[in-house]
Amino acid sequence: MTELAKARLRLVTRTSKASVSAQLLHDLRSPLNQIIGYSEILAEEAQGQRREDFAVDVLKIRSAGRRMLELIEDNFTASHDWVAEPRPRQDPLPPRADGHPAVVPGLLLVVDDDAANRDVLSRRLRRQGHVVETASSGPEALQRLGTANFDLVLLDIMMPDMDGYEVLSLLKADDRLHHIPVIMISALSETQSVVRCIEAGAEDYLTKPFDPTLLKARIGASLEQKRGRDRESLLFEQLQANFKRLQEVEKLRDDMRNMIVHDLRTPLTAVIVGVEMLEKHGELNATQRELMAIASGGGKTLLGMINDLLDVEKMESGSNQLQVVELSAAALVAGALAQVGSLAEESRITLVTEIPSGLPPLSGDEKKLSRTLVNLIANAIKFTPRGNVTISLSRDEGDATRFAVRDTGQGIPSEAFERIFEKFGQLDANNRVGTGLGLAFCKLVVEAHGGRIWVESVPGNGSTFSFTIPASLRSA
């Protein structure tokens, strides 16, 4: 043969390869898929029945089918348009089926317009332990998906009327179905088709005929990923349900506590008033006056705790709005000292003020800021066995005013600095002890004004509670 004839032959061969359509290649590979698939199933069944001679003959049929498949791929598939699945080495006989699937079984839907293809794949999957249902078209598949909770869909690409691409697109666009993994199946292994399927949301891509080991591995991986996502979704739903239930329980608790606290104020006020009225109905001796003072003082302390709790709840919920007016910091300190003066005298504590001149006015809620100062000064007096309590004012950054209450008490350990400002946050019996509401109230008030509150302390050397209030505050 001359060089010209050889060149013409090569040209004709290349032209023939390029002219073979995808549909023809699909039609050639489909029956081979059935021949190879059925022969593998028959070989496994024969081996299970210990008919080794029959299994060997069947595997010869499978080998012939695979050789024909290789000829089609080598001679009618353009190398730059197609990518072949890797061909694992085939054992002389397939592994013997022992009746125990290596993967956790799932409910699978096989979608293919060819009945024989559906049967081959379904039988293979059932032998792996899965429950399999089938659909012969895209519309039937979508209808079946709406009636059962499938774990995986194996979807053929080339189907009449509605192809696999359209079915995949509709499935992934449906909020009820988009979580179901899809493995696309085709007699072709075109790179462009693989990319298109993965980009559209497919979990994987398999070509016919299926290698049993590869099929089992990819289905197992897809099912495991879905079960992982299902577990995450279930856990998230449980967390949401538990959180909602917790919110309901907390609201019920808060409502019940508020109802009880509100109901306590009326009889408690009556008790305090009744005790204080006793002195007006006759002369009391020293013991009686002492007992009356103890009862009255205890009642007022309890009433203060109730009021603190209600105020903290209101501040936290945002229902207790600030009544903002222009204030003098020095006047706030003077008003607070007037309220705690008798407590300081009883405790033999000297109150000292350090107030410079020329401090700018500030904007805030007079009652709440005054109560904040009273709480801090009263705490300082209560936990200072002897010495002084100093209240000072100074300028802070941005024209804010800094209030500081310094005592000479036993101090607070640094690990408790944050906890004492929390609701019901208390220290142990060797340190400061209280209801845990007063400082929580102070923190809420200061932060509502746009300021901050903190404590500085060294055990044995007293404590300084400070807070800042900006010069201006927009009324809520």
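Quick look at the structure, then. The structure displayed is predicted, hence computed values, not measured ones.

### A closer look at the overall build of the chain
So, point 1. When you go through the chain residue by residue, the secondary structure sums to 12 helices and 12 strands.
So, point 2. A buried classification covers 40% of the 476 residues belonging to the chain.
So, point 3. By sequence separation, contacts in the chain at least 24 residues apart represent 70% of the contacts at least 6 residues apart.

### Some points on the side chain of R227
So, point 1. For R227, the position within the fold is in helix α8 (residues 212-277).
So, point 2. Setting aside its immediate chain neighbours within four residues, R227 contacts V104, P105 and G106.

### Regarding the sheet that holds strand β4 (residues 182-186)
So, point 1. Judged by pairing direction, the sheet is parallel, and its 5 strands sit side by side in the order β2-β1-β3-β4-β5 without closing on themselves. Looking at the sheet topology across the chains shown, the edges are occupied by β2 (131-135) and β5 (204-207). Going across the sheet, the axis of each strand differs from the next one's by a mean of 20°, ignoring polarity.
So, point 2. Where strand β1 (residues 107-111) lies against β2, 5 bridges are found, and the strand directions are parallel. Residue pairing across strands places L107 opposite V131, the latter belonging to β2.
So, point 3. Packing against the sheet, helix α6 (residues 164-173) makes contact with β3 (152-156) and β4, and its axis sits at approximately 175° to β4.

### Let's talk about the environment of L310
So, point 1. Note on placement: L310 falls in helix α9 (residues 286-317).
So, point 2. For the pair L310 and L437, spaced 127 residues apart in the sequence, the C-alpha separation amounts to 9.9 Å.

### Some points on a nonpolar patch on the surface
So, point 1. A grouping of L252, M256, M259, I260 and L264 is seen on the molecular surface, where their side chains present a nonpolar patch of about 490 Å² in accessible area.
So, point 2. Looking at the secondary structure, you find M256 in helix α8.
So, point 3. In this structure M256 comes out as partly exposed when scored by relative accessible area, which is 45%.

Reading the values: the criteria
Residues numbered from 1 in each chain as written. Predicted model: local features only at pLDDT ≥ 70, side-chain atom pairs only at ≥ 80, totals over all residues. Heavy atoms only, no water. Helix = DSSP H or I, 4+ residues; strand = E, 2+ residues; numbered from the N terminus. Buried < 20%, exposed > 50% of the residue type's maximum accessible area, 1.4 Å probe, protein only. Contact = heavy atoms within 4.5 Å. Pairing = 2+ DSSP bridges. Axes fitted to C-alpha atoms, helices over the stretch in contact; angles between N-to-C directions. Patch = residues over 30% accessible without salt bridge, like charges linked within 9 Å, V, L, I, M, F, W, Y side chains within 5 Å. Areas by Shrake-Rupley, 256 points an atom, 1.4 Å probe, with all protein chains shown as cover. Salt bridge = Lys/Arg side-chain N within 4 Å of Asp/Glu carboxyl O.

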